Amino acid sequence: QVMLVESGGGLVQAGGSLRLSCAASGRTFGNNAMAWFRQAPGKEREFVSSINWRASTTDYADSVKGRFTITRDNAKNTVSLQMTNLRPEETAVYYCAASVRYGTTEREPLRYSHWGQGTRVTVSS
């Protein structure tokens, strides 16, 4: 059974930092794109960042560029998201995603075949 398990969420003050991690099991994703999405209450799931299989290319939503950094460790089958200077409007459940089909960075949720259960991030003002 393929599983993605996120960790690292929590409560942080505006301007603070958090590091999210996602561990995959049941399958290796070393040849596949991985990504982070988030969903705030009452809103649709939105793209945050993705990374290609070689970790040579990354993509970020405009709103997080310069503040978030995505990395991956294919040997450990993990992907991480370092978030700095967090804003209250970024309060959301953050989801890790992996694609079995695509190796390049992708923004479309439908291109990702596996999803974690999510980890909640709350940014207080």
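Rules behind the numbers
- Residues numbered from 1 in each chain as written.
- Predicted model: local features only at pLDDT ≥ 70, side-chain atom pairs only at ≥ 80, totals over all residues.
- Heavy atoms only, no water.
- Helix = DSSP H or I, 4+ residues; strand = E, 2+ residues; numbered from the N terminus.
- Buried < 20%, exposed > 50% of the residue type's maximum accessible area, 1.4 Å probe, protein only.
- Contact = heavy atoms within 4.5 Å.
- Pairing = 2+ DSSP bridges.
- Axes fitted to C-alpha atoms, helices over the stretch in contact; angles between N-to-C directions.
- Disulfide = S-S within 2.5 Å.

A.B. asks: I keep staring at the environment of Asn-74 and nothing clicks. Help me out?
C.D. replies: One can find Asn-74 in the loop between strand E7 (68–73) and strand E8 (78–83). Overall, the relative accessible area of 33% leaves Asn-74 in the partly exposed class. Setting aside residues no more than four positions away along its own chain, Asn-74 makes contact with Gly-30 and Trp-53.

A.B. asks: Would you mind going over the sheet that holds E7 with me for this structure?
C.D. replies: Adjacent strands of a sheet pair through backbone hydrogen bonds, lying either parallel or antiparallel. With antiparallel pairing, the four strands of this open sheet are ordered in space as E1-E3-E8-E7. The strands lining the two open edges of the sheet, one partner per strand, are strand E1 (3–7) and E7. Geometrically, the sheet is characterised by an average inter-axis angle of 15° between neighbouring strands, direction not taken into account. Pairing geometry for E7 and E8, over six bridges, is antiparallel.

A.B. asks: Please clarify how the state of the cysteines should be interpreted in this entry.
C.D. replies: When the sulfur atoms of two cysteines share a covalent bond, that bond is a disulfide. One pass over the structure, following the stated rule, counts one disulfide. A sulfur-sulfur separation of 2.1 Å characterises the disulfide bridge that pairs Cys-22 with Cys-96. Where Cys-22 bonds to Cys-96 through sulfur, the torsion about that S-S bond is close to -75°, and the disulfide is left-handed. Taken together, the residues span a long stretch of sequence, with Cys-22 in strand E3 (residues 18–25) and Cys-96 in strand E9 (residues 92–98) at a distance of 74 residues. Of the residues examined, Cys-22 reaches a relative accessible area of 1% and is grouped as buried.

A.B. asks: Looking at this structure, how should I read the pairing of E3?
C.D. replies: Consecutive side chains along a regular strand alternate between the two faces of the sheet. Burial along E3 is one-sided: the face carrying Leu-18, Leu-20, Cys-22 and Ala-24 is buried and the face carrying Arg-19, Ser-21, Ala-23 and Ser-25 is not. Two elements, E1 and E3, share five bridges in a ladder whose sense is antiparallel. Paired with Leu-4 across the strands is Ala-24, a residue of E3. Pairing analysis gives six bridges linking E3 to E8, with the strands arranged antiparallel. Within E8, the residue paired with Cys-22 across the bridge is Val-79.

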